[in-house]
Amino acid sequence: MGTVVDAASFELASGNDANGSLPTEKKVKVVFVLGGPGSGKGTQCANIVEHFGYTHLSAGDLLRAEIKSGSENGTMIQNMITEGKIVPSEVTIKLLQRAMQESENDKFLIDGFPRNEENRAAFERVTKIVPEFVLFFDCADEEMERRLLNRNQGRVDDNIETIRKRFKVFVESSLPVIEYYGSHGKVRKIDAGRSVEEVFEAVKIIFSSVTVVA
Ligand SMILES: Nc1ncnc2c1ncn2[C@@H]1O[C@H](COP(=O)(O)OP(=O)(O)O)[C@@H](O)[C@H]1O
Ligand SMILES: Nc1ccn([C@H]2C[C@H](O)[C@@H](COP(=O)(O)OP(=O)(O)O)O2)c(=O)n1
Ligand SMILES: [Mg+2]
């Protein structure tokens, strides 16, 4: 048997029910997917969606979509991403909340969030959501750097200068969040330095132990 995980549901407050068009609350289950830049979060989330019926919400993808949409925050977000810095959580949390409310699903993989203590505490305060568990992709810097330099998605932050800044931010700001969840028994750590297939075998064991087939 795999690890037994608390499968309690949590309520998502809508934050906007003035016009009655949004549900005032929605029960959701959330798994945070964390790991350094290039550790394979997005790649493995796509596999998890296919096999376990979650909806994938990448904080980075939501922020990049916000830039493209011409939002008033676009320039600020673009500058922060180019510098490898973390966008203030009120921006990112609004995007995540909206995506969860608009989705028909009630199971979400939140990829690349929370990335610092401010992200973590604000999300908990605003949404009252406690993650079921935290999937942590552990990978060596040299391997992550190699992957990012070969990612070829035209990202402004996949250059060696920004990559180094992002690694520093990961160690200084994101690892403490993982340690926080570790101290609460919530972290499921995976050796992400292996092939995509091998990593997914390890991921499957974790999700199989928490998924109740209806
Ligand atoms: N296990 C793996 N082995 C080799 N390359 C990988 C692996 N997982 C992902 N990649 C590749 O590495 C790059 C970064 O992966 P991605 O899923 O975008 O990571 P993250 O979202 O953590 O930054 C992508 O080009 C992806 O195809
Ligand atoms: N919670 C988050 C997530 C991402 N961002 C910004 C800062 C990050 O360097 C970029 C890119 O994040 P993304 O998760 O897409 O990057 P990786 O998939 O880890 O390479 O977005 C943020 O400010 N806050
Ligand atoms: Mg990613």
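On a predicted model such as this, the values are computed, not experimentally measured, just so you know.

Near ligand 1 there are 13 residues, and of these Gly38, Lys41, Thr43, Arg151 and Arg194 occur at the shortest range. For ligand 1, an oxygen atom lies 3.1 Å from a polar atom in the backbone of glycine 42. Within the side chain of threonine 43, a nitrogen or oxygen atom sits 2.5 Å from an oxygen atom of ligand 1. With the chains in place, 75% of the 560 Å² that ligand 1 exposes on its own is no longer accessible.

Let us look at the UniProt feature "binding site: CMP" (unreviewed entry) in the protein chain. According to UniProt, the "binding site: CMP" (unreviewed entry) feature falls on Asn119. Mapped onto the fold, asparagine 119 is located in helix H5 (residues 117–127). Discounting chain neighbours no more than four positions away, the residues touching asparagine 119 are Ile86, Val87, Ser89, Ile93, Phe113 and Pro114.

Our focus in this paragraph is the pattern of salt bridges. In this structure the tally under the stated criterion is 17 salt bridges. For the salt bridge of arginine 147 with glutamate 143, the shortest nitrogen-to-oxygen distance reads 2.8 Å. Note that arginine 147 and glutamate 143 are positioned in helix H6 (residues 141–149) at a spacing of 4 residues, about one turn of the helix. With a shortest N-O distance of 3.7 Å, arginine 166 and aspartate 157 are connected by a salt bridge. The pair arginine 166 / aspartate 157 is uniform in exposure class, with both members buried. Here the salt bridges share partners, and the residues they tie into one network are Arg151, Arg155, Asp157, Asp158 and Arg166.

Sequence positions flagged by UniProt for "binding site: a ribonucleoside 5'-phosphate" (unreviewed entry) are, in local numbering, Arg64, Lys85, Ile86, Val87, Gly112, Phe113, Pro114, Arg115, Arg155 and Arg166. Inspection of the secondary structure assignment puts valine 87 in the loop between helix H3 (74–82) and helix H4 (89–102). If near-sequence neighbours (up to four positions away) are discounted, valine 87 is found in contact with Leu63, Met76, Ile77, Met80, Thr92 and Asn119. Locating arginine 115 in the fold gives a position in the loop between strand E4 (107–111) and H5.

What follows concerns the environment of methionine 144. By the secondary structure assignment, methionine 144 is in helix H6. A residue is classified by how much of its surface remains accessible, and methionine 144, at 2% relative accessible area, is buried. Taking the C-alpha atoms as reference, methionine 144 lies 5.7 Å from serine 39; in sequence the two are 105 residues apart. Sequence-distant contacts of methionine 144, defined by excluding residues within four places in its chain, comprise Gly36, Pro37, Gly38, Ser39, Cys139 and Phe167.

Here the focus is the packing of H4 against H5. Remark: H4 packs on H5, axes separated minimally by 10 Å, with the N-to-C direction vectors making an angle of 45°. The orientation of H4 with respect to H5, classified from their angle, is oblique. The element H4 and its partner H5 pack so that their crossing is right-handed. Of the residues in H5, those touching H4 at Ser89, Ile93, Leu96, Gln97 and Met100 are Glu118, Asn119, Ala122, Phe123, Val126 and Thr127. Here the residues of the contact of H4 with H5 sort into 6 nonpolar, 4 polar and 1 charged.

The environment of ligand 2 is made up of 18 residues, and the closest members are Lys41, Arg64, Val87, Arg115 and Arg166. Lysine 41 is positioned such that a nitrogen or oxygen atom in its side chain is 2.7 Å from an oxygen atom of ligand 2. One nitrogen or oxygen atom from the side chain of arginine 115 is found 2.9 Å from an oxygen atom belonging to ligand 2. Computed on the free molecule, ligand 2 has an accessible area of 520 Å², of which 96% lies beneath the protein chains in the complex. Among the elements that take part in the shell around ligand 2, helix H2 (residues 59–68) stands out by supplying 4 residues, more than any other. When grouped by side-chain class, the residues that make up the shell around ligand 2 number 7 nonpolar, 3 polar and 8 charged.

A separate point is helix H8 (residues 196–208). Since the α-helix packs 3.6 residues into each turn, any two residues three or four apart lie on the same face. An ideal rise of 1.5 Å per residue puts 18 Å on 13 residues; H8 measures up with 18 Å between its terminal C-alpha atoms. Buried within H8 we find Val199, Phe200, Ala202, Val203, Ile206 and Phe207. Projection of H8 onto a plane perpendicular to its axis shows the buried side chains occupying an angular sector of 160°, all on one side. Exposed and facing more than 90 degrees away from the buried side of H8 are Glu197 and Ile205. Where H8 is buried, its residues touch strand E2 (25–35), helix H1 (41–52), E4, strand E5 (133–138) and strand E6 (187–191).

The rules behind these values
Residues numbered from 1 in each chain as written. Chains lettered and ligands numbered in written order. Predicted model: local features only at pLDDT ≥ 70, side-chain atom pairs only at ≥ 80, totals over all residues. Heavy atoms only, no water. Near = heavy atom within 4 Å. Polar contact = N/O pair within 3.5 Å; in protein donor to acceptor, adjacent residues only side chain to side chain. Areas by Shrake-Rupley, 256 points an atom, 1.4 Å probe, with all protein chains shown as cover. UniProt positions renumbered as here; feature names shortened; annotations may be inferred. Helix = DSSP H or I, 4+ residues; strand = E, 2+ residues; numbered from the N terminus. Contact = heavy atoms within 4.5 Å. Salt bridge = Lys/Arg side-chain N within 4 Å of Asp/Glu carboxyl O. Buried < 20%, exposed > 50% of the residue type's maximum accessible area, 1.4 Å probe, protein only. Axes fitted to C-alpha atoms, helices over the stretch in contact; angles between N-to-C directions. Parallel < 35°, antiparallel > 145°, perpendicular 65-115°, else oblique. Left-handed = near helix turned anticlockwise from the far one by under 90°. Nonpolar A, V, L, I, M, F, W, Y, C, P; charged D, E, K, R; others polar. Expected span 1.5 Å × (residues − 1). Arc of directions from axis to C-beta.

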